[in-house]
Amino acid sequence: MVNATYDHIVAIILVGVIFVWVVGVLPATSLVSINAADQQQLRNTGLNVFNAMLLDTGEGFNETANQNTTNWGTLDPFEAEDIIRFGLASTEDSASYVLDPDKVQRLEIGNPLGTINNTIAKSLMELEGYGFALEIIPPFNVTNVDGTKIDGNNSPINIPALEESRLEYSVRVCYLDGRPIPNAAIESIAIYSNRNDFTFDYGANSFTNQDGISSATYGLDFEPLHITVIMRISVADVATMVVTFGHNPVRIIDINLVGDEVSLTRPKDSPNAEVKLHKVYSYSASGVLTHLYDGIQTGADKDHFNTGNGQRFWNKTFPGLKSYDPVIMVFNIETVPPDGTNGNQEIVVAGPYQNLLGYTVFHYGQIPSNSRAAIRMQRSVIISGMTYTAELTLWEE
């Protein structure tokens, strides 16, 4: 009898302990399940959005032709309100994850030929209640030897060597996490001018050492007043490009490329200047410089213009240009630099895709904010024949 009573007491205590444990554990278990469900739902939404961005061509309304078109990046004039469906995939190339450079450039805020802001993009993708950021990242970084970004104020070119008609430069190539890349191949082409001369030289190929550093030097035909050096850096079968300048780059014109049409616009805050156009070249993803055009210097159709006469002051269509994957356009122009010294000079100007090259991360959308749920996805994409990483961050607002 005593044993039976004791057994009942023990059973009651065990049931009570189990009850207390269940009451304490179930809410936590439910919360974990809810969070997991939210995260999975967000991931599904993100995957759908990312696929729509990278695999769908999108669609816009061409008012001139009075019909819809999947080449919405080439609409001219460009109005964001004419975009019906958002998607960056190329119409001409059916392969997956090949993006149209014209559409990507429409994401650049400040594009003088027209842009689509992220508010309209969110509405087209039905992302009310969500925030998103799209970044396009080069496959690896190319910097100055000290790790600083290569730009107009920080050049890897040895300026004093130019005075001796010699080009010298040193760059560092590393993975995105900072680790050096040895044996990266670097091809370079120097395009340069002085007051009356213009030419270009292909430099000797070089390779990075164990520290990811490569240096090169070669002679030039004359001492340049203006020089642009295009470097094509290859790691295995993946390449990126860097455009760098000697001395201070002159920003008299901005180069814009849409489809097969090249347009010149006036940079913000640039001075008014008379410009004579001499030559136009394209530089492809495969590293080929192609001569496209010689400017007309006499007659009613001469290629002379003033940068103060409006936003877009020169344009010309080169049929089939886009099919060559032109990454950089090079213009040889004659003008008076902003400092006003030495009168007219022949100047080298390059563009327009410098915001997609070398070190720069192309950012579109919002700045990621703190959120109880956020996801990040990456895909490799091709733009103008070159490989990049597209990264989408999506979060609940």
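Residues numbered from 1 in each chain as written. Predicted model: local features only at pLDDT ≥ 70, side-chain atom pairs only at ≥ 80, totals over all residues. Heavy atoms only, no water.

S.K.: Which parts of the structure should I look at to understand empty space enclosed by the protein?
M.R.: The gaps left among the atoms become clear once a water-sized probe is rolled over them. Evaluated as defined, the whole model comprises two cavities of 30 Å³ or more. The calculated volume of the largest cavity comes to roughly 40 Å³. Residue lining of the largest cavity: Pro 101, Asp 102, Leu 257, Gly 259, Lys 322, Pro 326, Tyr 353 and Ser 384, and that is the complete set. Broken down by class, the residue content of the lining of the largest cavity amounts to four nonpolar, two polar and two charged. Space inside the second largest cavity adds up to approximately 30 Å³. Lining the second largest cavity, in full, are Val 327, Tyr 353, Leu 356, Ile 383, Ser 384 and Tyr 388. Looking at the lining of the second largest cavity residue by residue, the classes come out as five nonpolar, one polar and no charged. (1 Å grid on protein atoms, 1.4 Å probe; cavity = no way out; pocket = protein on both sides within 12 Å on 5 of 7 lines; lining within 4 Å. Points joined across faces, edges and corners; volume = space filled by probe spheres on them. Nonpolar A, V, L, I, M, F, W, Y, C, P; charged D, E, K, R; others polar.)

S.K.: Please explain the sheet that holds strand S23 (residues 374-383) as it appears in this structure.
M.R.: Two strands in a sheet stick together by hydrogen bonds in their backbones, pointing the same way (parallel) or opposite ways (antiparallel). The sheet built from five strands is open, its strands ordered S4-S23-S24-S5-S22 with mixed pairing. This sheet does not close on itself; its edge strands, each paired only once, are strand S4 (98-99) and strand S22 (362-365). Taken together, the ten bridges between S23 and strand S24 (residues 386-396) define a ladder with antiparallel strand orientation. Bridge pairing in S24 links Gln 378 to Glu 391. (Pairing = 2+ DSSP bridges. Helix = DSSP H or I, 4+ residues; strand = E, 2+ residues; numbered from the N terminus.)

S.K.: So what exactly am I meant to see when it comes to the pattern of salt bridges here?
M.R.: A pair can form between side chains of opposite charge whenever their charged atoms are brought close. On inspection of all chains with the given rule, the structure shows 13 salt bridges. Here Arg 232 makes a salt bridge to Glu 187, at a shortest N to O gap of 3.5 Å. You can see Arg 232 sitting in strand S12 (residues 226-235) and its partner Glu 187 sitting in strand S8 (residues 185-193), a full 45 residues away along the chain. The exposure class assigned to Glu 187 is partly exposed, which follows from its relative accessible area of 27%. (Salt bridge = Lys/Arg side-chain N within 4 Å of Asp/Glu carboxyl O. Buried < 20%, exposed > 50% of the residue type's maximum accessible area, 1.4 Å probe, protein only.)

S.K.: Looking at this model, I keep getting lost on the packing of aromatic side chains. Mind explaining?
M.R.: Each pair of aromatic rings is reported with the distance of its centres and the angle of its planes. All chains considered together, the criterion is met by eleven aromatic pairs. Measuring from ring centre to ring centre gives 6.1 Å for Trp 72 and Phe 86, while their planes differ by 40°; the resulting arrangement is tilted. Taken together, the positions of Trp 72 in the loop between strand S2 (67-69) and strand S3 (83-85) and Phe 86 in the loop between S3 and S4 put the pair 14 residues apart, joining distant regions of the chain. With respect to burial, Trp 72 and Phe 86 carry one shared label: buried. Each residue in the set Phe 198, Phe 200, Tyr 202 and Tyr 281 is aromatic and connected to the rest through ring pairs, giving one cluster. (Phe/Tyr/Trp six-rings, centres within 6.5 Å; stacked < 30°, edge-to-face > 60°.)

S.K.: In this structure, what is going on with the confidence of the model for the chain? I would like to understand it.
M.R.: The predicted structure's coordinates, where accompanied by low pLDDT, should not be read in detail. Averaged over every residue, the pLDDT of the chain is 86; the share at 70 or more is 88%. Across residues 28-32, confidence stays below pLDDT 50; counting only partners more than four residues off in sequence or on other chains, it has zero contacts. (pLDDT = per-residue confidence, 0-100. Contact = heavy atoms within 4.5 Å.)

S.K.: I tried to follow the side chain of Asn 332 on my own but got confused; where do I start?
M.R.: Within the secondary structure layout, Asn 332 lies in strand S20 (residues 326-335). Owing to a relative accessible area of 2%, Asn 332 belongs among the buried residues under this scheme. Other than its neighbours up to four places away in sequence, Asn 332 contacts Phe 198, Lys 276, Leu 277, His 278, Lys 279, Glu 346 and Ile 347.

S.K.: Would you explain the layout of surface pockets in this entry?
M.R.: Within this model, the second largest pocket holds a volume of roughly 310 Å³. Counted by class, the lining of the second largest pocket contains four nonpolar, seven polar and six charged residues.

S.K.: Can you walk me through the environment of Pro 368 in this structure?
M.R.: Within the secondary structure layout, Pro 368 lies in the loop between S22 and S23. Taking relative accessible area as the criterion, Pro 368 reaches 41% and is therefore assigned partly exposed. It is 7.2 Å that separates the C-alpha atoms of Pro 368 and Phe 132, two residues lying 236 residues apart in sequence.

S.K.: Help me understand the sheet that holds strand S14 (residues 254-258), please; the structure alone is not making it clear to me.
M.R.: Pairing within the open sheet is antiparallel, and its three strands lie in the order S14-S15-S19. Each having just a single partner strand, S14 and strand S19 (312-317) make up the two edges of the open sheet. On average, adjacent strands in this sheet sit at an angle of 20° to one another, irrespective of strand direction. Pairing of S14 with strand S15 (residues 261-265) involves five bridges; the strand directions are antiparallel. (Axes fitted to C-alpha atoms, helices over the stretch in contact; angles between N-to-C directions.)

S.K.: Got a minute to help me understand the nonpolar core in this structure?
M.R.: Soluble, globular proteins show a tendency: their nonpolar side chains are buried together. Within the largest apolar cluster, 53 residues are counted, with the highest numbers of intra-cluster contacts made by Met 53, Phe 86, Ile 116, Phe 132 and Ile 328. If you look at the next biggest cluster of nonpolar residues, it comprises 24 residues, including Val 142, Ile 181, Ala 190 and Val 229. (Core = buried A, V, L, I, M, F, W, Y, C linked by side-chain atoms within 4.5 Å.)

S.K.: I would appreciate a short explanation of the pairing of strand S13 (residues 238-245) in the present structure.
M.R.: Each regular strand shows side chains that alternate between the opposite faces of the sheet. Most of S13 sits out of view: seven of its eight residues are buried. Pairing of S12 with S13 involves eight bridges; the strand directions are antiparallel. Along S13, the bridge assignment pairs Met 231 with Val 242. Linking S12 to S13, which pair antiparallel, is a turn of two residues; within it Ala 236 sits at a positive phi near 60°.

S.K.: Whenever I open this one, the environment of Glu 261 confuses me. Can you help?
M.R.: Tracing the sequence through the fold places Glu 261 in strand S15. Taking the C-alpha atoms as reference points, Glu 261 and Thr 74, separated by 187 residues in sequence, lie 9.2 Å from one another. Residues contacting Glu 261, with those up to four places away along its chain left out, are Asp 76, Asn 256, Arg 312, Asn 315, Lys 316 and Thr 317. A distance of 3.5 Å separates a polar atom in the side chain of Glu 261 from a polar atom in the side chain of Arg 312. Of the polar contacts made by the side chain of Glu 261, one reaches the side chain of Asn 315; its length is 3.4 Å. (Polar contact = N/O pair within 3.5 Å; in protein donor to acceptor, adjacent residues only side chain to side chain.)

S.K.: Sorry, what's going on with unusual backbone geometry here?
M.R.: With glycine set apart, most residues show a phi of negative sign, and most peptide bonds adopt trans. The omega torsion of the bond from Asp 76 to Pro 77 falls at 0°, within 30 degrees of zero and hence cis. Summarising the element assignment, Pro 77 is placed in the loop between S2 and S3. Cis geometry is adopted by the peptide bond preceding Pro 352, which originates at Gly 351 and carries an omega value of 0°. Mapped onto the elements of the fold, Pro 352 is located in strand S21 (residues 345-352). Positive phi is not limited to glycine here, since Ser 384 has a value of about 50°. Structurally, the position occupied by Ser 384 is in the loop between S23 and S24. Since its relative accessible area comes to 9%, Ser 384 is described here as buried.

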